[in-house]
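Residues per chain, in single letters:
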Amino acid sequence: MLERDLNPKRVGLSAISTLLCCVLAAAAHSAVVAELLGRVGDEKVEIYTLTNAHGIEARIMTYGASIVSLKTPDRDGDFSNVVLGFDSLDPYIAGIPYYGATVGRYANRIAKGQFALDGATHQLPLNDGPNSLHGGRRGFDKRIWKADTRGGTAHNTLRLTYVSPAGEEGYTGELTS
C-alpha cells in the first residue's frame, strides 16, 4: 500500500480535487504519462501520471476514475503521498472501500434503496444492509472510464468520462459523467 499511515495531516478528497484542478492544470512544463496498470476481463485499465513544473505528481487510474496517489511537498519541501492507495489494481478489484474513487450515481446512502421520481418508486440494489450505497453493487467506482489527454492548451490535461446507461443499477435515464 502507498503511504498507508493515517497521518492527521492528510488532505481530504475535496481539497485534493481542488489542488489537482488549480495546481496541476495551471503549471507550465508539465506532462501526462500513460501506462497499462492491468486488465478487468478484456478491458485494459490505464494509470496516468500528471506532473507539473513544481514536481507535484498525481496518479489517476481509469478503473473507478480513482486518484491512486498525490505527491506534494510539505513545508520543508519534502514530497510525500497524501492519499491512501495501492501499487496494483488487484486490491481495487477486490472491493477495497472506495479509496480515491469516483462514486456514483449517488454518493452516500439511499434509505431502503428506494427513491420516487415523477410519482413512480424505483428500487435500487441493496449493498449496505438495508440501503443502497455509492451507486449500488457496481457503481462508478467499479467501472472503467474513458481517458482523453488531448484537452485544451494545457499539456497536463486528463479528462475521464463514463456513460451510465438508463437502468444501470436501477437508475433512470442515461447519465454522462
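Summarised in this report is the structure supplied together with it. (Residues numbered from 1 in each chain as written. Predicted model: local features only at pLDDT ≥ 70, side-chain atom pairs only at ≥ 80, totals over all residues. Heavy atoms only, no water.)

## Topic: the packing of aromatic side chains
Moving on, step 1. Applying the stated criterion to the full structure yields six aromatic pairs.
Moving on, step 2. With centroids separated by 6.0 Å and ring planes inclined at 20 degrees, the aromatic side chains of Phe115 and Tyr171 adopt a geometry described as stacked. On the criterion of sequence distance, the pair formed by Phe115 in strand β7 (residues 114-117) and Tyr171 in the loop between β12 (163-164) and β13 (175-176) is long-range, its members being 56 residues apart. (Phe/Tyr/Trp six-rings, centres within 6.5 Å; stacked < 30°, edge-to-face > 60°. Helix = DSSP H or I, 4+ residues; strand = E, 2+ residues; numbered from the N terminus.)

## Quick notes on the pairing of β7
Moving on, step 1. By the bridge criterion, four bridges tie β7 to strand β8 (residues 120-123) in an arrangement that is antiparallel. Its bridge partner lying in β8, Leu117 is registered against Ala120.
Moving on, step 2. Where β7 folds back onto β8 in an antiparallel hairpin, the turn is made up of two residues, including Asp118, whose phi is positive at roughly 50 degrees. (Pairing = 2+ DSSP bridges.)

## Quick look at the nonpolar core
Moving on, step 1. The biggest cluster of nonpolar side chains holds 14 residues, and the ones touching the most others in it are Ile60, Leu70, Val83, Trp145 and Leu160.
Moving on, step 2. Among the secondary structure elements, those contributing two or more residues to this core are β2 (43-51), β3 (57-61) and β4 (66-73).
Moving on, step 3. Ranked by size, the runner-up nonpolar core spans 10 residues in total, among them Tyr63, Phe86, Tyr99 and Ile144. (Core = buried A, V, L, I, M, F, W, Y, C linked by side-chain atoms within 4.5 Å. Buried < 20%, exposed > 50% of the residue type's maximum accessible area, 1.4 Å probe, protein only.)

## With respect to the environment of Leu117
Moving on, step 1. Along the chain, the position of Leu117 falls in strand β7.
Moving on, step 2. Considered as a pair, Leu117 and Thr172 are 55 residues apart in the sequence and their alpha carbons are 9.0 Å apart.
Moving on, step 3. For Leu117, the contacting residues outside a window of four places in its chain are His122 and Thr172. (Contact = heavy atoms within 4.5 Å.)

## Concerning the sheet that holds β4
Moving on, step 1. With antiparallel pairing, the five strands of this open sheet are ordered in space as β1-β2-β3-β4-β5. Edge positions in the sheet fall to β1 (31-40) and β5 (79-81), since each of these pairs with one other strand and no more. Strand after strand, the sheet turns through a mean of 15 degrees between neighbouring axes, direction not considered.
Moving on, step 2. Looking at chain direction, β4 and β5 are connected through three bridges and run antiparallel. Following the sheet pairing, Pro73 is matched in β5 by Phe79. (Axes fitted to C-alpha atoms, helices over the stretch in contact; angles between N-to-C directions.)

## Details of the side chain of Asn81
Moving on, step 1. Its place among the elements puts Asn81 in strand β5.
Moving on, step 2. A polar contact of 3.1 Å, which involves the side chain of Asn81, links it to the backbone oxygen of Val83. (Polar contact = N/O pair within 3.5 Å; in protein donor to acceptor, adjacent residues only side chain to side chain.)

## Side note on the pattern of salt bridges
Moving on, step 1. Taken as a whole, this structure holds seven salt bridges when the rule is applied.
Moving on, step 2. The closest approach of N and O atoms between Glu35 and Arg59, which form a salt bridge, is 3.9 Å. Note that Glu35 is positioned in strand β1 and Arg59 in strand β3, a separation of 24 residues in sequence.
Moving on, step 3. Here Glu35 falls in the partly exposed class, since its relative accessible area comes to 41%.
Moving on, step 4. As a salt-bridge pair, Lys71 and Glu57 come within 3.9 Å of each other at their nearest N and O atoms. (Salt bridge = Lys/Arg side-chain N within 4 Å of Asp/Glu carboxyl O.)

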